[in-house]
Amino acid sequence: ILESSSEIRTAFLRGLYDTDGTFVTKKSKRVSFSSTSEKIVNQVINQLGLLGIGCYKTSWLKDPKYKMLYSVVIRSNENIIKFYNKISFQHPLKKG
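Note that the coordinates shown come from a computational prediction; the quantities given were computed from them, not determined experimentally.

Trainee: Would you take a moment to explain the environment of Leu-69 for this structure?
Mentor: Here Leu-69 lies in strand β4 (residues 69-74). Look at Leu-69 and you get partly exposed, because its relative accessible area is 24%. With 46 residues separating them along the chain, Leu-69 and Phe-23 place their C-alpha atoms 17 Å apart. Discounting residues that sit within four places of it in the chain, Leu-69 has contacts with Ser-34, Ser-35, Thr-36, Thr-58, Ser-59 and Trp-60.

The following block contains the structure:
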């Protein structure tokens with residue numbers, strides 16, 4: 001996937017965001033993707049960067065009995081618009 005065409009990488013990112021992504025409009029707008037795999041999160045950050053979409057990584061441990069959770073966060077209006085223009089969501093409940 002990482003070595004594929006831009007169209008395939010974009011479609012893959014769309015699938016990831018459809019399954020494990022969120023768009024929050026309350027208080028502060030943001031698009032995020034979360035995973036327990038730091039490697040996948042780093043790869044998503046890299047792919048978004050190649051598309052010119054600025055983002056950053058956060059992590060937290062909800063409870064010691066669970067795995068660490070990593071998130072890719074897109075926060076600025078400019079980058080959220082780039083996300084929607086280049087990737088967006090296809091899931092009917094997540095389309096904006």
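Trainee: Explanation requested: a nonpolar patch on the surface in the structure shown.
Mentor: The grouping of Ile-1, Ile-8 and Phe-12 at the surface amounts to a nonpolar patch, some 280 Å² of accessible area in total. Inspection of the secondary structure assignment puts Ile-1 in the segment before α1 (6-20).

Trainee: Please clarify how the sheet that holds β4 should be interpreted in this entry.
Mentor: Strand pairing in a sheet takes place through backbone hydrogen bonds and is either antiparallel or parallel in direction. Across the sheet, which stays open at both edges, the four strands sit in the order β1-β2-β4-β3 with antiparallel pairing between neighbours. Looking along the sheet, the strands with just one partner apiece sit at the ends: β1 (21-24) and β3 (56-60). Neighbour-to-neighbour, the strand axes of the sheet open up by a mean angle of 25°, direction not taken into account. Across the sheet, α1 is in contact with β1, β2 (30-35) and β4; its angle to β2 comes to roughly 85°. Running at roughly 70° to β2, helix α3 (residues 77-86) makes contact with β1, β2 and β4 of the sheet.

Trainee: In this structure, what is going on with the pattern of salt bridges? I would like to understand it.
Mentor: Between side chains of opposite charge, pairing is possible as soon as their charged atoms come close. Within this structure, the stated rule accounts for two salt bridges. Two residues, Glu-78 and Lys-82, come together in a salt bridge whose shortest N-O distance is 3.5 Å. Remark: Lys-82 and Glu-78 occur in helix α3; sequence separation between them is four residues, near one turn of the helix. With a relative accessible area of 52%, Glu-78 lands in the exposed category. Residue Lys-82 is classed as partly exposed on the basis of its relative accessible area, which comes to 26%.

Calculation notes
Residues numbered from 1 in each chain as written. Predicted model: local features only at pLDDT ≥ 70, side-chain atom pairs only at ≥ 80, totals over all residues. Heavy atoms only, no water. Helix = DSSP H or I, 4+ residues; strand = E, 2+ residues; numbered from the N terminus. Buried < 20%, exposed > 50% of the residue type's maximum accessible area, 1.4 Å probe, protein only. Contact = heavy atoms within 4.5 Å. Patch = residues over 30% accessible without salt bridge, like charges linked within 9 Å, V, L, I, M, F, W, Y side chains within 5 Å. Areas by Shrake-Rupley, 256 points an atom, 1.4 Å probe, with all protein chains shown as cover. Salt bridge = Lys/Arg side-chain N within 4 Å of Asp/Glu carboxyl O. Pairing = 2+ DSSP bridges. Axes fitted to C-alpha atoms, helices over the stretch in contact; angles between N-to-C directions.

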